[in-house]
Amino acid sequence: MRRILHLLYIGIQLAKANAISYVAYIVSTVLWLVIILVPATLFSNLKEQALLTIVPGVYAMFVETCALWTSTEFLRWLVYTGLPDLFRECGLSIYHYLLSYSLVDAILASLASHFLSMVIASAYLGIDIGIAIPKDMLCIVLAIALAIPVYMLIGTLMGYLLVSTSISSVWSHVINILMFFGTVIPLNVLPNPWLALVNPATIVAELFRAGYGTNTLPLPYLFILTPTLIAVFTAFAKLIGQLCEKRIAKFGLEYRY
């Protein structure tokens with residue numbers, strides 16, 4: 001526990017150094033989603049329902065994108081600074097780097113992007129801003145609890161792709177596309193809602209929607225899947241992180257923008 005607290009402290013300090021980047025990323029994400037969201041809800045007869053179905057997916061997708069770019073930062077952009085080498089000399093891997101950022105990325109920044117999107121979109125559409133307040137906080141807490149293992153899984157998976165293939169940028173775009181399904185693109189528009197489970201963050205988005213009463217998957221299924229997925233995603237993230245470290249130990253790292 002002490003080691004985890006130290007890692008979280010390191011992550012917070014690193015996040016402070018990148019505060020402007022976080023603000024820019026949150027604002028750009030919100031503006032981009034509102035540009036897409038507002039027209040979609042304007043053409044809907046149920047504006048509030050559409051808003052509460054689409055926007056909760058912003059949180060889940062933001063968690064995944066943060067994991068992807070944090071992993072890329074550590075294993076690609078920061079290689080020339082020696083930070084990855086410093087971490088590895090201390091016995092820390094990409095798994096630990098992601099863990100250090102998990103509090104900021106999977107909770108603070110992601111929640112900020114969600115609520116800011118909800119407030120701006122509802123104000124633009126003339127809907128009561130109070131709609132942004134969830135009705136079921138238990139589902140929101142469960143969504144956040146699952147979001148951290150999802151963050152770790154996506155980050156370590158991207159990390160392994162970065163060190164094992166020279167076409168990692170192609171894979172990052174593929175993963176980015178998959179992130180939309182089950183998150184911003186809700187399950188009720190898919191031929192089979194269960195297809196969206198190819199995206200690890202789908203249940204995170206569904207739990208967030210359940211907080212607003214717009215979930216597609218029934219709550220009993222969500223409550224059963226959540227603890228199972230927390231355990232499975234945590235184990236796989238740890239495993240992939242170890243494989244990534246072994247790959248680095250064997251072949252090293254190179255700086256690539």
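Preceding block: the structure.
What comes next is a walk through the structure. (Residues numbered from 1 in each chain as written. Predicted model: local features only at pLDDT ≥ 70, side-chain atom pairs only at ≥ 80, totals over all residues. Heavy atoms only, no water.)

1. Concerning the pattern of salt bridges
Scanning all chains against the criterion turns up 2 salt bridges. Glu206 is the salt-bridge partner of Arg209, the closest N and O atoms lying 3.1 Å from each other. Of this pair, Arg209 and Glu206 both sit in helix 9 (residues 202–210), 3 residues apart, which is roughly one turn of that helix. Here the two residues Arg209 and Glu206 agree in accessibility, since each one is buried. (Salt bridge = Lys/Arg side-chain N within 4 Å of Asp/Glu carboxyl O. Helix = DSSP H or I, 4+ residues; strand = E, 2+ residues; numbered from the N terminus. Buried < 20%, exposed > 50% of the residue type's maximum accessible area, 1.4 Å probe, protein only.)

2. Focus on the packing of helix 6 (residues 94–125) against helix 10 (residues 219–251)
In contact at an axis separation of 8 Å, helix 6 and helix 10 are set at 130 degrees when each is read in the N-to-C sense. With respect to helix 10, the element helix 6 is oriented oblique. Across the interface between the two elements, Ile94, Tyr95 and His96 from helix 6 touch Thr234, Ala237, Lys238, Gly241 and Cys244 from helix 10. (Axes fitted to C-alpha atoms, helices over the stretch in contact; angles between N-to-C directions. Parallel < 35°, antiparallel > 145°, perpendicular 65-115°, else oblique. Contact = heavy atoms within 4.5 Å.)

3. Section: the environment of Leu219
Mapped onto the elements of the fold, Leu219 is located in helix 10. The spatial distance from the C-alpha of Leu219 to the C-alpha of Val174 is 30 Å, given a sequence separation of 45 residues. Leu219 has contacts with Cys139 and Ala210, leaving out every residue within four places of it along the chain.

4. A few points about the packing of aromatic side chains
Inspection of every chain in the model, using the stated rule, returns 8 aromatic pairs. Taking 5.8 Å as the distance between ring centres and 80 degrees as the angle between the ring planes, the aromatic pair formed by Trp194 and Tyr221 counts as edge-to-face. Taken as a pair, Trp194 in the loop between helix 8 (168–180) and helix 9 and Tyr221 in helix 10 lie far apart in primary sequence, 27 residues in all. Overall, the relative accessible area of 38% leaves Trp194 in the partly exposed class. What makes Tyr221 partly exposed here is its relative accessible area of 45%. Taken together, the aromatic side chains of Phe74, Phe87, Tyr97 and Tyr101 make up a single cluster linked through ring pairs. (Phe/Tyr/Trp six-rings, centres within 6.5 Å; stacked < 30°, edge-to-face > 60°.)

5. Observations concerning helix 4 (residues 56–77)
With 22 residues, helix 4 should reach 32 Å at 1.5 Å per residue; the first-to-last C-alpha distance of 31 Å fits that figure. With respect to burial, helix 4 is a largely interior element, 20 of its 22 residues being buried. (Expected span 1.5 Å × (residues − 1).)

6. Quick look at the packing of helix 4 against helix 7 (residues 137–164)
Interaxial distance between helix 4 and helix 7 falls to 8 Å at its minimum, and their mutual angle equals 35 degrees. In the crossing of helix 4 with helix 7, the sense of the turn from one axis to the other is right-handed. In this structure, helix 4 uses Tyr59, Val63, Glu64, Cys66, Ala67, Leu68, Thr70, Ser71, Thr72, Leu75 and Arg76 to contact helix 7, whose residues at the interface are Ala143, Ile144, Ala147, Val150, Tyr151, Ile154, Gly155, Met158, Gly159, Leu162 and Val163. A class-by-class count of the residues in the contact of helix 4 with helix 7 yields 15 nonpolar, 5 polar and 2 charged. (Left-handed = near helix turned anticlockwise from the far one by under 90°. Nonpolar A, V, L, I, M, F, W, Y, C, P; charged D, E, K, R; others polar.)

7. With respect to the side chain of Thr214
Turning to its location among the elements, Thr214 is positioned in the loop between helix 9 and helix 10. Relative accessible area serves as the criterion here: at 8%, Thr214 is assigned to the buried category. Here Leu52 takes part through its backbone oxygen, which lies 2.8 Å from a polar atom of the side chain of Thr214. (Polar contact = N/O pair within 3.5 Å; in protein donor to acceptor, adjacent residues only side chain to side chain.)

8. Some points on the nonpolar core
Generally speaking, soluble globular proteins have nonpolar side chains that are buried together. Formed by 82 residues in total, the largest nonpolar core has its most connected members in Leu51, Tyr59, Leu75, Met118, Leu146, Tyr151 and Val204. At 15 residues, the largest contribution of residues to this core is made by helix 7. (Core = buried A, V, L, I, M, F, W, Y, C linked by side-chain atoms within 4.5 Å.)

9. A short note on the environment of Asp136
Tracing the sequence through the fold places Asp136 in the loop between helix 6 and helix 7. Accessibility expressed as a relative area gives 26% for Asp136, which makes it partly exposed. Each C-alpha atom, one on Asp136 and one on Phe208, is 9.1 Å from the other, the two residues being 72 residues apart in sequence. If we skip the residues at most four places from it in the chain, Asp136 touches Ala210 and Gly211.

10. Here we look at the environment of Ile129
Residue position: Ile129 is located in the loop between helix 6 and helix 7. Taking C-alpha positions, Ile129 is 32 Å from Thr70, a pair spaced 59 residues apart along the chain. Apart from the residues within four sequence positions on either side, Ile129 is in contact with Val119, Ser122 and Ala123.

11. Examining the side chain of Ser122
Topologically, Ser122 is positioned in helix 6. Within the structure, Ser122 has its side chain in polar contact with the backbone oxygen of Met118 (distance 2.8 Å). With residues up to four places along the chain from it excluded, the contact list for Ser122 reads Leu51, Ile127, Asp128, Ile129 and Ile131.

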